[in-house]
Amino acid sequence: YIDAFTIGSKNRFLDNTLQINAELFLWKYDDQQVTYFTTLDGASAFPIANADSTIQGLDIDVIWAASDSTTIYGNVQFLHSTYDSLNLISDPARGRFGCASSGVSGGLESFDCSGQSLLFSPEFGMDLGINHIINLNNYDLSLTADASYRDEQGTNFLFLEDTISDAYVTLNLEAALTPSDADWSLSFYMRNATDERFFMNTNTNNRGLTYNIFNPPRVYGARFNMSF
């Protein structure tokens with residue numbers, strides 16, 4: 001169950017060339033189901049826990065038509081997320097959670113992970129981009145660059161230091177050529193231009209070995225589109 005509250009404002013300024021939208025939000029989850037990795041009866045297991053959590057923050061979007069050919073856009077988000085109640089279990093002395101142990105009962109050890117942040121929920125995130133169109137006789141050349149920043153964030157319910165992804169910045173570039181009298185376009189793109197490396201997912205097995213799944217490396221290519 002979720003109770004979601006939102007209040008926001010949509011605005012346009014400078015003869016409708018500048019758009020600024022802002023939103024405050026508060027979400028309250030009850031019995032939010034989460035699946036996690038642990039050790040039960042001496043074997044790997046993926047039990048389900050019911051958690052209560054609170055998510056609140058501020059989201060701001062900006063789009064500015066700086067000229068007839070240049071558009072600048074961006075987004076900023078401040079986020080605070082907390083598990084108000086989250087209890088995880090494992091075989092006694094086999095749990096690898098970064099949470100306080102609540103003791104052993106019924107042959108299982110419990111861990112109180114209340115107060116931990118939700119996974120993949122950075123406290124601060126920002127996107128910034130620019131698009132500029134150049135007229136070349138009967139062609140339009142569209143140049144786009146956008147950058148994204150994400151604060152550090154947890155990636156696994158173990159809540160260990162090894163499962164936290166560090167803050168990162170990514171940059172994407174694209175150039176697209178479109179004729180004014182035809183239904184095709186040719187574009188060249190580069191994703192993650194700076195070859196930034198960060199965790200997308202992590203895990204620690206029952207022997208204490210941690211493995212990490214990283215984001216894709218720098219990727220570039222060409223794309224041809226045709227409408228008919």
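Our structure's up above, just so we're on the same page.
Nothing here was measured: the structure is a model prediction, and the numbers come from that model.

**Considerations on the side chain of Thr202**
If you trace the backbone, Thr202 turns up in strand 16 (residues 199–204). Reaching out from Thr202, the side chain makes a polar contact with the side chain of Thr155 at a distance of 2.6 Å. Not counting chain neighbours up to four residues away, the residues in contact with Thr202 comprise Thr155, Asn156, Asp162, Thr163, Tyr211 and Asn212.

**A few points about the environment of Glu174**
Mapped onto the secondary structure, Glu174 falls in strand 14 (residues 168–179). Classification of Glu174 by relative accessible area gives partly exposed; the value is 27%. The spacing of Glu174 and Ala222 is 48 residues in sequence and 9.5 Å in space, taken between C-alpha atoms.

**Focus: unusual backbone geometry**
Although it is not a glycine, Asn137 sits at a positive phi angle of roughly 55°. Along the chain, Asn137 falls in the loop between strand 10 (124–136) and strand 11 (139–150). The residue Asn192 is not glycine, and still its phi comes out positive at about 55°. Within the secondary structure, Asn192 sits in the loop between strand 15 (184–191) and strand 16. Among the residues examined, Asn192 registers a relative accessible area of 6% and is labelled buried.

**Considering the packing of aromatic side chains**
Throughout the structure, instances matching the rule amount to 12 aromatic pairs. Ring geometry for Tyr83 and Phe157: centres 6.1 Å apart, planes at 55°, overall tilted. Taken together, the residues Tyr83 in strand 6 (residues 70–85) and Phe157 in the loop between strand 12 (153–154) and strand 13 (164–165) connect sequence positions 74 residues apart. In terms of burial, Tyr83 and Phe157 fall into one category: buried. Through successive ring pairs, a cluster of aromatic residues spans Tyr36, Phe97 and Phe111. Taking NZ or CZ as reference, Arg197 lies 3.8 Å from the ring centre of Phe214, over its face.

Cut-offs applied
- Residues numbered from 1 in each chain as written.
- Predicted model: local features only at pLDDT ≥ 70, side-chain atom pairs only at ≥ 80, totals over all residues.
- Heavy atoms only, no water.
- Helix = DSSP H or I, 4+ residues; strand = E, 2+ residues; numbered from the N terminus.
- Polar contact = N/O pair within 3.5 Å; in protein donor to acceptor, adjacent residues only side chain to side chain.
- Contact = heavy atoms within 4.5 Å.
- Buried < 20%, exposed > 50% of the residue type's maximum accessible area, 1.4 Å probe, protein only.
- Phe/Tyr/Trp six-rings, centres within 6.5 Å; stacked < 30°, edge-to-face > 60°.
- Lys NZ or Arg CZ within 6 Å of the ring centre and 35° of its normal.

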